[in-house]
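Here is how the chains run, residue by residue.
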Amino acid sequence: MGCTAEQVTRAVIEAAGVVAEHRSELIELDRAIGDADHGENLNRGFVAIVEALAQASPQTPGAVLKIAATTLISKVGGAAGPLYGTAFLRAATKLGDRSEVDVEALVEVLRAALEGVQARGKAVEGDATMVDALLPAVAAAEVAAKGGADVAGVLAAAAEAADKGAESTVDLVARKGRASYLGERAIGHLDPGARSTALLLHAFAEAAQ
Ligand code: ADP
Ligand code: MG
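Residues numbered from 1 in each chain as written. Chains lettered and ligands numbered in written order. Predicted model: local features only at pLDDT ≥ 70, side-chain atom pairs only at ≥ 80, totals over all residues. Heavy atoms only, no water.

**Q** If you had to explain the packing of helix H2 (residues 23-33) against helix H3 (residues 38-56) to someone new, which residues and values would you point to?
**A** Two elements in contact, H2 and H3, have axes separated by 6 Å at closest approach and are oriented at 140°. Classified by the angle between their axes, H2 and H3 sit oblique to one another. On the side of H2, the interface is formed by Arg23, Leu26, Ile27 and Asp30, while H3 contributes His38, Gly39, Glu40, Leu42 and Asn43. Partitioned by chemical class, the residues of the contact of H2 with H3 number three nonpolar, three polar and three charged. (Axes fitted to C-alpha atoms, helices over the stretch in contact; angles between N-to-C directions. Helix = DSSP H or I, 4+ residues; strand = E, 2+ residues; numbered from the N terminus. Parallel < 35°, antiparallel > 145°, perpendicular 65-115°, else oblique. Contact = heavy atoms within 4.5 Å. Nonpolar A, V, L, I, M, F, W, Y, C, P; charged D, E, K, R; others polar.)

And the structure:
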């Protein structure tokens with residue numbers, strides 16, 4: 001049994017709620033090593049996504065994610081808008097016009113999202129970016145899927161791995177994005193994009209329950 005367009009829409013709305021709840025936290029994380037706009041950027045994007053979904057009522061999971069992608073790309077500036085936009089766009093493209101997202105498709109979608117972020121931003125593991133959350137999340141999703149987990153189980157495993165990956169950025173020197181200008185001074189700080197990636201995965205996992 002897979003997730004329908006309606007369920008994916010609900011998951012994205014849940015994600016918007018989590019982003020709104022953590023807006024200040026993300027702003028403060030970005031204030032420490034960037035320009036304090038990550039929480040605001042992402043929240044503006046997700047508010048616009050919820051509006052766009054209500055307007056369009058997309059009929060396939062891929063169409064839902066495509067609306068999220070185009071909204072993020074057009075409404076969210078900075079590094080994260082285009083990066084998350086690309087992630088959602090690759091995910092949408094991977095789904096095509098299939099009517100449901102099953103475990104197999106979910107793992108492919110997560111992998112496609114990671115590849116999109118890396119193609120766009122050129123960050124690798126250890127650069128202290130959202131890749132440090134997303135990459136272990138995809139690996140954990142694959143392991144969980146192989147072990148027979150359902151959609152909710154795969155997303156829960158991904159979210160948990162993303163938490164650990166995000167936490168790992170605290171000890172890293174940022175090598176991409178604004179935080180890289182700080183050099184060693186970025187050590188000791190959680191990367192805002194890694195944190196938001198973990199939050200989004202938790203929201204999706206929660207919605208899949
Ligand atoms: P900006 O840095 O332009 O102000 P945001 O504050 O919205 O944009 O997003 C910052 C986050 O974007 C960082 O915390 C990091 O996770 C992510 N990021 C920045 N550059 C890259 C990159 N090249 N690849 C992957 N992620 C990146
Ligand atoms: Mg910023």
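**Q** Talk me through the coordination of the magnesium ion (ligand 2); I want residue IDs and the actual numbers.
**A** In the first shell of the magnesium ion (ligand 2), the protein supplies Asp30 (OD), Asp35 (OD) and Asp37 (OD), at 2.0 to 2.2 Å from the metal. Judged by its relative accessible area of 32%, aspartate 35 falls in the partly exposed class. (Donors = N, O, S within 2.8 Å, 3.2 Å for Na, K, Ca; no water. Buried < 20%, exposed > 50% of the residue type's maximum accessible area, 1.4 Å probe, protein only.)

**Q** Describe helix H5 (residues 80-95), and please don't skip the residues or the numbers.
**A** Across its 16 residues, H5 extends 22 Å between first and last C-alpha, which sits within 8% of the 22 Å expected from 1.5 Å per residue. Turning to H5, its buried residues number three or more, namely Ala80, Gly81, Leu83, Tyr84, Gly85, Thr86, Ala87, Phe88, Ala91, Ala92 and Leu95. Contact partners of the buried residues in H5: H3, helix H4 (61-75), helix H6 (103-121) and helix H9 (192-208). Phi turns positive, to about 55°, at glycine 96, one or two residues after H5. (Expected span 1.5 Å × (residues − 1).)

**Q** Outline the pattern of salt bridges, listing residues and values.
**A** Once the charged atoms of two side chains with opposite charge are near each other, the side chains can pair. Inspection of the entire model under this criterion finds eight salt bridges. A salt bridge links arginine 111 to glutamate 142, with the nearest nitrogen and oxygen atoms 3.0 Å apart. Here glutamate 142 lies in helix H7 (residues 131-146) and arginine 111 lies in helix H6, a separation of 31 residues in the sequence. Across the pair aspartate 127 and arginine 175 runs a salt bridge whose closest N-O atoms are separated by 2.8 Å. Taken together, the residues aspartate 127 in the loop between H6 and H7 and arginine 175 in the loop between helix H8 (151-168) and H9 connect sequence positions 48 residues apart. (Salt bridge = Lys/Arg side-chain N within 4 Å of Asp/Glu carboxyl O.)

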